[in-house]
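Here are the chains, one letter per residue:
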Amino acid sequence: MADHHALAGEHHHPSPASSAATALGPLLLLPSELLHEILLRLAVPELLRVRSVARPLSSLIASADFRRLYHLSSASSGPGPAAAWLLLFKKLPPRDAAIRGFHGPSGRWFRIPVSSILAPAVPPGEDLYFLAASGSSFLFAANGRRELVVVDLTARSARRLPPSPLGPRGTSSWRRFGLKLVADPPGSNRFRFLFAELVNNTPFLFEYRSETDTWRQSEAVLAEGPAGAAPDGNGTFLCAAHAGPDCVMVYAGPPGAAADADRGPVYFRPRFPAAAGAAAGQGDHHRLHVYGDGSAAVVRSAALDEPASRARVRVVTGVELYGIGGGDWELVASVPGELVEGFRKPYAVMTGLLAEREGVVRLVLISNCRGAWDLVWLSYDRARREWRWVPVPDWGGSKGLNMAGIAVSSTFSRLWPLAAPPSSGGTSSHR
């Protein structure tokens, strides 16, 4: 089935455009202030659907004033997921490729079709893995051709990136904790892709810039003094290597920062307090370490015997967030016990994803038990010192899911505009 230009909501059966426009008639009679308030509460896919069926609303949604208000609304949405999307890719043939995006405020999954966009750059039968997303850019690793492919949703185009200085790489070579995709400048379809690796036991930073279509590699040097006194944190922290609580962190200053550019990337080896840095598994107790954006989450769990299945599973008993200070990891906050009780489900295996933007840390835990996947989404607002758990419903396709990548994007809601169906008059989309 061919992709549609607009994003599709799960389990949605669209009516003809004329019927939809008629149904929206009473909405057009509302005062403009109230109409703005209603539209600002919609997710990007819903806005695009409204825009495609009602010409008066299309003009309003495409206006510069509304775009500015929508961006401000996304940026000031608090510790919840309103300004962030949970994006998941299911392993399917390229002709069926689609990303599922979960929008927290509406509690809905949306289907983001990418198959027709990928087709010119990805041959049939290619094995794809979803690495990262930022703004309109979605980055994939192709296992067969051992290369990177980037999808631009705004331009509805896909292209292959030149090999990195480390040469062609399969999907298993990419480590989520050690890479970052950044729209640069924010709001544009240009981007930087950074990843850190140990080469001959020496940390290196590799950076690709879409503007020049070139790679650059830099050897990281040991940071002088405590890691907490290193750059102001406006740059990028990457985990070059980790084994449980032991890790090598690489820091790269923000683009355009002269002092950081002169010094280049630095690395350090922060340590956890004894209680949090214990070995990954000790008897019935286990600690999962998740790294991202200069923070680390420690997920504690305990073993549990299931009489019905005669199998041993695990349940989460606590989650702690750590930040870098004074050269080592320092405890920032623990998830309250009542929140942990809400997602205490048995699991066999678990991994995680950690990201931070504008003072809000988002932690996603992905677990599997007897072939069924479960997603836990937590957010922590540093200014408010507040944790939130965002329930993520099943969209009906998680049983036996062959998950091929997951990401959190805080810039997807600010993407404007996504490619929308052309109007009947043939006018181009407003940008």
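The structure displayed is predicted, hence computed values, not measured ones.

**Side note on the environment of tyrosine 70**
Structurally, the position occupied by tyrosine 70 is in helix α6 (residues 64-75). Taking the C-alpha atoms as reference, tyrosine 70 lies 9.7 Å from valine 44; in sequence the two are 26 residues apart.

**A word on the packing of aromatic side chains**
Under the definition given, this model contains 24 aromatic pairs. Taking the centre distance of 5.2 Å and the plane angle of 75° together, the rings of phenylalanine 89 and phenylalanine 140 count as edge-to-face. Note that phenylalanine 89 is positioned in strand β2 (residues 85-90) and phenylalanine 140 in strand β6 (residues 137-142), a separation of 51 residues in sequence. In this arrangement the basic side chain of arginine 169 is found over the ring face of tryptophan 174, its NZ or CZ atom lying 4.5 Å from the centre.

**What about the state of the cysteines?**
Disulfides are covalent bonds that connect the sulfur atoms of two cysteines. Tallied over the entire structure, the rule returns zero disulfides. The closest cysteine sulfur to the non-disulfide-bonded cysteine 239 is located on cysteine 247, 5.0 Å from its own sulfur. Taking the relative accessible area as the measure of exposure, cysteine 247 reaches 5% and is therefore buried.

**Observations concerning the nonpolar core**
Of all hydrophobic cores here, the largest spans 37 residues; its most connected members are Tyr291, Val316, Trp329, Leu363 and Trp387. Not counting residues up to four positions away in its chain, the partners in contact with leucine 363 are Val290, Ala297, Val319, Leu353, Leu354, Val376, Trp377 and Leu378.

**Topic: the sheet that holds strand β14 (residues 236-243)**
Spatially, β13-β16-β15-β14 is the arrangement adopted by the four strands of the open sheet, whose pairing is mixed. Two strands close off the open sheet at either side, each with one partner strand: β13 (221-222) and β14. Bridge count for β14 against strand β15 (residues 246-252) is seven bridges, and the pairing is antiparallel. Bridge pairing in β15 links alanine 243 to aspartate 246.

**Quick look at the environment of aspartate 152**
Considering the arrangement of structural elements, one finds aspartate 152 in strand β7 (residues 147-152). Accessibility expressed as a relative area gives 11% for aspartate 152, which makes it buried. Put simply, aspartate 152 and valine 114 are 38 residues apart on the chain and 9.6 Å apart in space, counted from C-alpha to C-alpha. Once you skip the residues sitting within four places of it in the chain, aspartate 152 turns out to touch Ser136, Ser157 and Asn189.

Cut-off values and rules
The residue numbers shown here count from 1 along each chain, following its written sequence. At least 70 in pLDDT is required for a residue's local features to be given in this predicted model, at least 80 for side-chain atom pairs to be given and counted, and no such filter applies to totals for whole chains, interfaces and linings, which use all residues. Heavy atoms throughout the structure, all of them, feed into the side-chain values; hydrogens and water do not. Secondary structure elements follow DSSP: runs of H or I no shorter than four residues count as helices, runs of E no shorter than two count as strands, and numbering proceeds from the N terminus. In this analysis, rings of Phe, Tyr and Trp, with Trp reduced to its six-membered ring, are considered paired at centre separations within 6.5 Å, and the interplanar angle assigns stacked below 30 degrees, edge-to-face beyond 60, and tilted for intermediate values. Charges are assigned to positions over rings by a cutoff of 6 Å between ring centre and Lys NZ or Arg CZ, combined with an angular limit of 35 degrees from the ring normal. Criterion for a disulfide: a pair of cysteine sulfur atoms within 2.5 Å. Each residue gets one of three labels from its accessible area relative to the maximum for its type: buried under 20%, exposed over 50%, partly exposed in between, using a 1.4 Å probe on protein chains only. To qualify as a nonpolar core, a set must consist of buried Ala, Val, Leu, Ile, Met, Phe, Trp, Tyr and Cys residues joined through side-chain atoms within 4.5 Å. Any two residues whose heavy atoms approach within 4.5 Å at even a single point are treated as in contact. When DSSP finds two or more bridges between two strands, those strands count as paired.

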